[in-house]
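Chain by chain, the residues:
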Amino acid sequence: MALRNLVTQIEEAILSLLLVSMTLLVFAEVVARFGFNAGIHWAQEATLLLSGWFVLFGASYGVKVGAHIGVDVFVRMLPSKLYRAVTLFAILLCVGYCILFLIGSWEYVMKMKMIGIELEDIPVPKWTASTILIIGFALLIIRFLQLGWKVIRGEAEGFSFADEAEESMHLANELKESEEKENRS
């Protein structure tokens, strides 16, 4: 359990670092451009790379914590065993999709390494910056396999999607209750 908590903390630290780096870089670029009429020539490329890393790394973390949004109204109406079977099928589709992208990413990164070109504005080999494609899809495969294993063992029923409708209704009910309390006072 301690290892799992450590991995989670490392993932959250990496995501936080990526987000803070992007934010500070964009802020510095805006200040430099509009405050001093000079830009940071590599800032746009670095921001795009950081956001790519954030999205692909964050996607696997989103699967881990159930932060993705999904529409599963129909599937939830199915009997429990059929619901689990449909969930496992969906997980297999996700794994297959990620495997296809992982293979394509591997081929792309290896071609970039073979060609030996650098990024446009940053003197870094393009293949090193593109390794997030491999890392991101490998992590997604691992997360989907972990979820599938939990479903097989009965520890999870399916994808634990973020339920925005339920959260919105909860907030609406809280707002209504606070308004009623104010009216009574």
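Residues numbered from 1 in each chain as written. Predicted model: local features only at pLDDT ≥ 70, side-chain atom pairs only at ≥ 80, totals over all residues. Heavy atoms only, no water.

## Some remarks on the overall build of the chain
Here is step 1: Scanning the chain for helices and strands turns up seven helices and zero strands.
Here is step 2: Reading the helices (α) and strands (β) of the chain from amino to carboxyl end gives α-α-α-α-α-α-α.
Here is step 3: Relative to its full complement of 185 residues, the chain shows a buried share of 28%.
Here is step 4: Accessible surface for the chain amounts to roughly 12,900 Å². Of this, 67% is attributable to carbon and sulfur atoms. (Helix = DSSP H or I, 4+ residues; strand = E, 2+ residues; numbered from the N terminus. Buried < 20%, exposed > 50% of the residue type's maximum accessible area, 1.4 Å probe, protein only. Areas by Shrake-Rupley, 256 points an atom, 1.4 Å probe, with all protein chains shown as cover.)

## Here's the deal with helix 4 (residues 80–115)
Here is step 1: The end-to-end C-alpha distance of helix 4, which contains 36 residues, comes to 52 Å, matching closely the 52 Å that a straight helix rising 1.5 Å per residue would cover.
Here is step 2: Within helix 4, the full set of buried residues consists of Tyr 83, Thr 87, Ile 91, Val 95, Cys 98, Ser 105, Val 109 and Met 112.
Here is step 3: One or two positions beyond helix 4, positive phi appears at Gly 116, with a value near 80°. (Expected span 1.5 Å × (residues − 1).)

## Remarks on the environment of Ile 40
Here is step 1: Considering the arrangement of structural elements, one finds Ile 40 in the loop between helix 1 (2–36) and helix 2 (43–65).
Here is step 2: Of the residues examined, Ile 40 reaches a relative accessible area of 22% and is grouped as partly exposed.
Here is step 3: When the C-alpha atoms of Ile 40 and Val 26 are compared, they prove to be 9.7 Å apart, with 14 residues separating the residues in sequence.
Here is step 4: Residues within four places of Ile 40 in sequence aside, it is in contact with Ala 28, Glu 29 and Ala 32. (Contact = heavy atoms within 4.5 Å.)

## Quick notes on the side chain of Glu 11
Here is step 1: When you line up the elements, Glu 11 lands in helix 1.
Here is step 2: The exposure class of Glu 11 is buried, given its relative accessible area of 6%.
Here is step 3: Apart from residues no more than four positions distant in its own chain, Glu 11 is found in contact with Phe 57, Tyr 61, Lys 64 and Arg 143.

## Describing the confidence of the model for the chain
Here is step 1: Predicted confidence across the chain gives a mean pLDDT of 85, with 86% of residues reaching 70 or more.
Here is step 2: Here helix 3 (residues 73–76) is the element of the chain with the lowest mean pLDDT, 68, and helix 5 (residues 126–129) is the one with the highest, 93. (pLDDT = per-residue confidence, 0-100.)

## Some remarks on the state of the cysteines
Here is step 1: Under the definition given, this model contains zero disulfides.
Here is step 2: Left without a disulfide partner, Cys 94 is nearest to the cysteine sulfur of Cys 98, which lies 6.6 Å away.
Here is step 3: Cys 94 gets classed as partly exposed once you look at its relative accessible area, which sits at 23%.
Here is step 4: Residue classification places Cys 98 among the buried positions, given a relative accessible area of 3%. (Disulfide = S-S within 2.5 Å.)

## Some details on the packing of aromatic side chains
Here is step 1: All chains considered together, the criterion is met by two aromatic pairs.
Here is step 2: Pairing Tyr 97 with Phe 101 gives two aromatic rings, centres 4.8 Å apart and planes at 50°, and the pair type is tilted. You can see Tyr 97 and its partner Phe 101 sitting in helix 4, four residues apart, about one turn around the helix.
Here is step 3: When the centroid spacing of 5.2 Å and the interplanar angle of 20° are considered together, the rings of Phe 101 and Phe 137 count as stacked. Separated by 36 residues along the polypeptide, Phe 101 in helix 4 and Phe 137 in helix 6 (residues 131–153) bring together distant segments of the chain.
Here is step 4: Grouped by ring-pair contacts, the aromatic residues Tyr 97, Phe 101 and Phe 137 constitute a single cluster.
Here is step 5: Above the face of the Trp 127 ring, Lys 113 is positioned so that its terminal group lies 4.8 Å from the ring centre. (Phe/Tyr/Trp six-rings, centres within 6.5 Å; stacked < 30°, edge-to-face > 60°. Lys NZ or Arg CZ within 6 Å of the ring centre and 35° of its normal.)

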